[in-house]
Amino acid sequence: MADRKPLISGNWKMNLNHFEATATLDKLRYLLSKDDYEVVDVSVHPPFTDIRTVQTFLESEKVPIAVGAQNCHWEANGAYTGEIAPGMLFKLNVSYVIVGHSERRELFGEDDIVVAQKVKAVFENGMTPILCCGGTLEEREGEATRGKVTGQIHAGIEALTPEQVASMVLAYEPIWAIGTGRTASAEDAQQVCSWIRAKVKDMKGADAAKAVRIQYGGSVKAGNAAELLSQPDIDGALVGGAALDPEEFARIVQFRLS
Ligand code: PEP
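Calculation rules
Residues numbered from 1 in each chain as written. Predicted model: local features only at pLDDT ≥ 70, side-chain atom pairs only at ≥ 80, totals over all residues. Heavy atoms only, no water. Helix = DSSP H or I, 4+ residues; strand = E, 2+ residues; numbered from the N terminus. Rg over C-alpha atoms; globule rule 2.2 N^0.38 Å. Buried < 20%, exposed > 50% of the residue type's maximum accessible area, 1.4 Å probe, protein only. Contact = heavy atoms within 4.5 Å. Areas by Shrake-Rupley, 256 points an atom, 1.4 Å probe, with all protein chains shown as cover. Lys, Arg positive; Asp, Glu negative; His and termini not counted. Charge placed at Lys NZ, Arg CZ, Asp CG, Glu CD. Near = heavy atom within 4 Å. Polar contact = N/O pair within 3.5 Å; in protein donor to acceptor, adjacent residues only side chain to side chain. Nonpolar A, V, L, I, M, F, W, Y, C, P; charged D, E, K, R; others polar. Core = buried A, V, L, I, M, F, W, Y, C linked by side-chain atoms within 4.5 Å.

Draft legend 1. Representation of the overall build of the protein. From N to C terminus, the protein includes 13 helices and 8 strands. For 258 residues, the compact-globule estimate of 2.2 N^0.38 gives 18 Å, and the protein sits close to it at 17 Å. Counting only C-alpha atoms and orienting by the principal axes, one finds that the protein spans roughly 50 × 45 × 35 Å. Each of the 258 residues in the protein was classed as buried or not, and the buried ones make up 52%. Sequence-distant contacts, at least 24 apart, represent 75% of the contacts inside the protein between residues at least 6 apart. Within the structure as shown, the protein displays about 11600 Å² of accessible surface, and the carbon and sulfur contribution to it stands at 52%. The distance from the centre of the 26 positive side-chain charges to the centre of the 35 negative ones in the protein is 3 Å.

Draft legend 2. Here's a closer look at the site of the ligand. Lining the immediate surroundings of the ligand are 14 residues, of which Lys13, Glu173, Gly179, Ser219 and Gly240 lie closest. Here an oxygen atom of the ligand sits 2.7 Å away from a polar atom, N or O, in the side chain of Lys13. One of the side-chain N or O atoms of Glu173 is found 2.6 Å from an oxygen atom in the ligand. About the coverage of the ligand: the protein hides 96% of its 290 Å² of free accessible area. Of the residues that constitute the shell around the ligand, the class distribution is 4 nonpolar, 8 polar and 2 charged.

Draft legend 3. Region of the structure containing the nonpolar core. With 68 residues, the main nonpolar core has Ile8, Met168 and Leu170 as its most contacted residues. Ranked by residue count, the leading element in this core is helix α10 (residues 186-204), at 6 residues. In contact with Leu170, other than residues within four places in its own chain, are Leu131, Ile153, Ile157, Ile196, Val200, Val212, Arg213, Ile214 and Gln215. Grouped together as the second largest cluster of nonpolar side chains are 9 residues, Tyr96, Ile98, Cys132 and Ala171 included.

Here it is, written out as structure tokens:
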């Protein structure tokens with residue numbers, strides 16, 4: 001298996017104000033140790049209003065958890081009421097930005113063109129995109145998952161160099177598994193992640209395909225993390241609900257021990 005360090009990312013969505021964020025991270029820092037961070041990269045993706053607090057807390061307590069964001073705009077500045085520019089996130093030491101989460105695509109109308117612009121903007125501002133893809137239950141039943149997912153990946157990485165793709169993160173998140181308690185079986189998740197890696201190889205070459213990290217997301221919990229993460233093409237997890245509970249999230253990060 002290629003030498004890809006797993007990345008476990010907690011997507012807090014629209015949960016936890018900045019006081020609750022500090023309390024959550026204060027618990028998490030006691031649950032995780034140097035040994036954990038040596039073998040797993042960890043990021044948290046709070047709401048925008050928490051980011052400065054989270055950054056300050058993690059830096060002052062010397063906790064090696066990366067600060068992430070859930071979204072950003074693609075322009076550097078301008079008349080975009082309510083939006084956040086990628087450069088503003090970089091100034092807060094944000095390392096990873098989730099782009100094209102299915103909730104952004106389904107609820108806020110983000111299409112592949114917008115998602116590709118955001119991926120590019122994240123790179124241009126010195127951060128790493130976590131590009132999400134995933135299909136619906138109907139697409140799964142109609143065996144359309146591969147076309148949907150590889151199409152989203154195609155659009156998201158087309159304009160990137162092989163080196164950029166090698167350094168980024170892709171996340172396969174079946175829409176029917178997000179926040180539903182239903183998880184793709186490890187075999188199913190592995191199958192789709194292997195299609196994604198094959199697509200990357202096709203478009204950007206073997207080195208990019210070997211290096212790119214692919215996360216699985218969709219009701220990941222402490223109880224299913226080890227099986228999912230032992231699959232050869234799954235290099236981490238994008239965790240929603242379970243990331244709000246520091247004990248559960250810590251156990252996911254420590255999946256190797258279960
Ligand atoms: C997500 O938000 O990306 C996610 C996978 O959520 P959950 O873990 O709650 O299914």
